[in-house]
Amino acid sequence: MADRLFLSSPHMSDEGYEMEYIKEAFDTNWIAPLGENVNEFENELATMVGSKSAAALSSGTAAIHLALKAAGVEVGDIVFCPTLTFSATVNPIIYQNAVPVFIDSNYETWNMCPKALEKAFEKYPEVKAVIVVHLYGLSADMDKIVELCKKHNVALIEDAAESLGTYYKGIHTGTIGDYGIFSFNGNKIITTSGGGMLVSNNEEKVTKARFWATQSRDQARHYQHSELGFNYRMSNVVAGIGRGQLKVLKQRVEKKNYIFELYKRELSELEGIEFMPSNEWNKPNYWLSSMTLNGKVRPIDIMEALEKANIESRPIWKPMHMQPYFEKYDFVGTDVSEKLFENGVCLPSDTKITDEDLKRVVETIKNLWVR
Ligand SMILES: *Cc1c(COP(=O)(O)O)cnc(C)c1O
């Protein structure tokens, strides 16, 4: 059988940059705690995205948790967040014993619908924070969302876990709101095996996040704590992988673009297929090439045919307001995210994929239309 093709799998640099940084950590015995790789990974990422400061953490989820804390979200506070996302966007709201209210997507961006957000503000004027997600590397309609948050004086957190390398009107996603988070989980555009980053222009808040992430140890010879702490810091070995991966991010974005353009060129003609939306203000990283099907061939037909050919594919995220654990929370919107879930498919977008592999994917899909 042909080799399995993945949606998105780890892709270390051909040059071996990651091993160089890891070796340095081993040679100096700075395996843990912290060390130069952590500091430099923070500086390098902050510079690349154009943020004043960054805190390297154990996961993107941890970064969202600390962003919520930094934004002052506490027990019983309401937080708006998109319904069409991965559960990791929402879980930290629950960790804070706060209350999520889910906001629908629009077809123009697949992300948070500004009109639904406006309605939610009318319904819950006491809301404490808003989390916006840049799904699959597509940026949300930020001008409108920022304007609404400013008008209501509410903190805006950007979950940019899937959008490292994505620009909105020339500004890197994750640096437009008050806080931004990135993920380096194994399936993301670059990976450290696992890890995350919190960025903000508010250096004081980022310093505070680092304090919380290292068990909230006060300045003292003994262990002294006046606040609840977390063990959320990134290790120096892991940060070494991140520094190496940052060097190839541009190449990865270029390859993801190439994959998307190829699919679009080859498949757009097929009846019922529509690719993820393009907007002139958006320069996406195309983390996962995704499309919707509105004709006779259904997503399940494509996923089954691909699986038979040993090719991984997946539906679009199942909305949070449809999840057993989260359905008790309020939802503002119509059926857009539900429809995107019903009709959507994510195609293999692995940056190691060859032209031959891509041909295999395209042919397998095209075959469903000739029957
Ligand atoms: C991956 C992801 C996260 C979580 O990141 P981890 O590093 O896996 O904790 C959060 N939000 C979205 C949208 C993601 O895709």
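Residues numbered from 1 in each chain as written. Predicted model: local features only at pLDDT ≥ 70, side-chain atom pairs only at ≥ 80, totals over all residues. Heavy atoms only, no water.

The name given to the protein chain in an unreviewed UniProt entry is Aminotransferase class I/II-fold pyridoxal phosphate-dependent enzyme, with Peribacillus psychrosaccharolyticus as the source organism. Note on the protein chain: under the UniProt heading Sequence similarities (unreviewed entry), the record states "Belongs to the DegT/DnrJ/EryC1 family." On record in UniProt, under Cofactor (unreviewed entry), the comment for the protein chain is "pyridoxal 5'-phosphate". (UniProt positions renumbered as here; feature names shortened; annotations may be inferred.)

Draft legend 1. Fine view of the domain arrangement of the protein chain. Here the protein chain is described as being made up of domain 1 (17–246) and domain 2 (249–369). Relative placement of domain 1 and domain 2: their C-alpha centres are 25 Å apart. For the pair domain 1 and domain 2, the summed buried area comes to about 3,800 Å², and 66% of that belongs to carbon and sulfur atoms. For the pair domain 1 and domain 2, the number of links is 1 salt bridge. The salt bridge involving Asp 330 is made with Lys 123; its shortest N-O contact spans 2.7 Å. The tally of links from domain 1 across to domain 2 stands at 24 residue pairs in polar contact (both at pLDDT 80 or more). If you list the elements that add at least two residues to the side of domain 1 that touches domain 2, you get helix 4 (91–95), strand 3 (99–103), helix 5 (114–123), strand 6 (167–168) and helix 8 (236–246). Among the residues forming the side of domain 1 that touches domain 2, the class breakdown is 25 nonpolar, 14 polar and 8 charged. (Domains from an automatic or database assignment. Buried area = accessible area lost by both parts, 1.4 Å probe. Salt bridge = Lys/Arg side-chain N within 4 Å of Asp/Glu carboxyl O. Polar contact = N/O pair within 3.5 Å; in protein donor to acceptor, adjacent residues only side chain to side chain. Helix = DSSP H or I, 4+ residues; strand = E, 2+ residues; numbered from the N terminus. Nonpolar A, V, L, I, M, F, W, Y, C, P; charged D, E, K, R; others polar.)

Draft legend 2. Looking closely at the packing of helix 3 (residues 60–70) against helix 7 (residues 203–213). Following both chains from N to C, one finds helix 3 and helix 7 inclined at 120°, their axes separated by 10 Å at the closest point. With respect to helix 7, the axis of helix 3 lies oblique. Judged by the twist between their axes, the crossing of helix 3 over helix 7 is right-handed. Contacts between helix 3 and helix 7 pair Leu 66, Lys 69 and Ala 70 from the former with Lys 205, Ala 209, Trp 212 and Ala 213 from the latter. Among the residues making up the contact of helix 3 with helix 7, the classes are represented as 5 nonpolar, no polar and 2 charged. (Axes fitted to C-alpha atoms, helices over the stretch in contact; angles between N-to-C directions. Parallel < 35°, antiparallel > 145°, perpendicular 65-115°, else oblique. Left-handed = near helix turned anticlockwise from the far one by under 90°. Contact = heavy atoms within 4.5 Å.)

Draft legend 3. Quick look at the side chain of Glu 158. In this structure, Glu 158 sits in strand 5 (residues 155–159). No salt bridge is formed by the buried Glu 158; the nearest opposite charge belongs to Lys 150, separated by 11 Å. Leaving out residues up to four positions away in the same chain, Glu 158 has contacts with Val 132, His 134, Met 142, Thr 173, Gly 174, Thr 175, Ile 176, Gly 177, Tyr 179, Gly 180 and Ile 181. (Buried < 20%, exposed > 50% of the residue type's maximum accessible area, 1.4 Å probe, protein only. Lys, Arg positive; Asp, Glu negative; His and termini not counted.)

Draft legend 4. Molecular detail of the pattern of salt bridges. Applying the stated criterion across every chain yields a total of 14 salt bridges. A salt bridge links Asp 350 to Lys 352; the nearest nitrogen and oxygen atoms lie 3.1 Å apart. Asp 350 sits in the buried class, given a relative accessible area of 5%. On the basis of relative accessible area, Lys 352 is assigned to the partly exposed category, the value being 39%. Salt bridges sharing partners connect three or more residues here, namely Glu 42, Arg 210 and Arg 233.

Draft legend 5. View of the environment of Gly 344. Checked against the element boundaries, Gly 344 lands in strand 15 (residues 344–346). Spatially, the C-alpha atoms of Gly 344 and Val 132 are 20 Å apart, while their sequence positions differ by 212 residues. Beyond its immediate chain neighbours, meaning those up to four positions away, Gly 344 contacts Met 291, Thr 292, Pro 299, Arg 314, Pro 315 and Ile 316.

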